[in-house]
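Here is what each chain is made of, one letter per residue.
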Amino acid sequence: KVATNGEILVRGDNISPGFWSGGVRSLTDTEGWLHTGDLARAGEGGHLYFQGRQKDVIVTAAGVNIHPEDLEAVLNRQEGIRTSAVIGVEGRQGPEPVAVLLLRDASLDAAAAVANANRELAAHQQIRHWFIWPEADFPRTPTQKVRKPAVAEWIRSQAQAAESDA
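Each chain has its residues counted from 1, running along the sequence as written. Whole-chain, interface and lining totals are the exception, using all residues; otherwise, since this is a predicted model, local features are given only for residues with pLDDT of at least 70 and side-chain atom pairs are given and counted only at 80 or more. As a convention, hydrogens and water are excluded, and side-chain values are obtained from all of the structure's heavy atoms.

As used in this record, nonpolar core signifies buried Ala, Val, Leu, Ile, Met, Phe, Trp, Tyr and Cys residues forming a set joined through side-chain atoms within 4.5 Å. Only protein chains enter the area calculation, which uses a 1.4 Å probe; residues under 20% of their type maximum are buried, those over 50% are exposed, and those in between are partly exposed. Core analysis: the biggest nonpolar cluster contains 16 residues, and Leu71, Leu75, Ile81, Val86, Ala99, Leu101 and Ile127 have the highest contact counts within it. Considering every element that reaches this core, the biggest residue donor is helix 2 (residues 110–120), with four residues. When checking whether two residues touch, look at their non-hydrogen atoms; a contact exists if any pair is within 4.5 Å. Setting aside residues no more than four positions away along its own chain, Ala99 makes contact with Leu75, Ala85, Val86, Ile127, His129, Trp130 and Phe131. Judged by nonpolar contacts, the second largest core, of eleven residues, contains Ile87, Leu102, Ala152 and Trp154. Numbering of helices and strands starts at the N terminus; helices are DSSP runs of H or I of at least 4 residues and strands are runs of E of at least 2.

Encoded structure:
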């Protein structure tokens, strides 16, 4: 089921009763539901439309939710962008999305690609800051998901370096 906050909850015999950590600790709530951390919206016919991970949602100062996966999908459709990662970063007016791009070709005009993406995005989703990732690929988990905390740390280091150069 989908909780009121949009989180996907699951239960059933296939869900582990818990894990061992100095005793069995339950993974489920008091009603037996496992909180997955995944967000979805319910559609017609009982379909779920995945919206991303709860921990990755960027909540702006105006209280608007931005799902990084939505911005990444638009960026990844742009010619010359191989892939992207969008991270929530604290800006002057609260949290905002920052894009980190892997380009197909170093000669690509990244500003033009981001401007093209912004034409497809809503006003609250606009990408105002972006970086080019300096390596051949993002750091990834064994299942090939981008290690967003490592990318966020790199963004912070870039911002600190820019501040010290100013």
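Bringing the environment of Arg104 into the picture now. Along the chain, the position of Arg104 falls in the loop between strand 9 (94–103) and helix 2. C-alpha separation for the pair Arg104 and Leu71, spaced 33 residues apart in sequence, amounts to 18 Å. Leaving out residues up to four positions away in the same chain, Arg104 has contacts with Gly80, Ile81 and Arg82.

Let's shift gears to helix 2. Looking only at helix 2, the buried set comprises Ala110, Ala113, Val114, Ala117 and Asn118. Buried positions in helix 2, seen along its axis, are confined to an arc of 140 degrees and lie on one side of it. Buried residues along helix 2 sit against helix 1 (68–76), strand 8 (81–91), strand 9 and strand 10 (129–132). With a side-chain oxygen lying 3.2 Å from the backbone nitrogen of Ala111, the N-terminal cap of helix 2 falls on Asp109. Here the arc refers to the directions that run from the helix axis out to each C-beta atom. Under the rule applied, a polar contact is a pair of N or O atoms within 3.5 Å (in protein, one hydrogen donor and one hydrogen acceptor; residues adjacent in sequence only if both atoms are side-chain atoms).

Right, let's get into the sheet that holds strand 5 (residues 48–53). The sheet built from three strands is open, its strands ordered 1-4-5 with antiparallel pairing. Lying at the two open borders of the sheet, with one neighbouring strand each, are strand 1 (7–10) and strand 5. The mean angle between the axes of side-by-side strands here comes to 55 degrees, regardless of whether they run parallel or antiparallel. By this definition, two strands are paired if DSSP reports at least two bridges between them. Here strand 4 (residues 34–42) pairs with strand 5 via five bridges, running antiparallel. Residue Leu39 lies in a different strand from strand 5, and its bridge partner there is Gly52. As a rule, the C-alpha atoms of each element are fitted with a line to give its axis, helices using only the stretch in contact, and angles between N-to-C directions run from 0 to 180 degrees.

For the rest of this paragraph, the subject is the pairing of strand 8. If a strand is regular, its side chains alternate between the two faces of the sheet. Here ten bridges tie strand 8 to strand 9, and the two strands are oriented antiparallel to one another. Directly across from Thr83, in strand 9, lies its bridge partner Leu102. Between the antiparallel neighbours strand 8 and strand 9 lie two residues.

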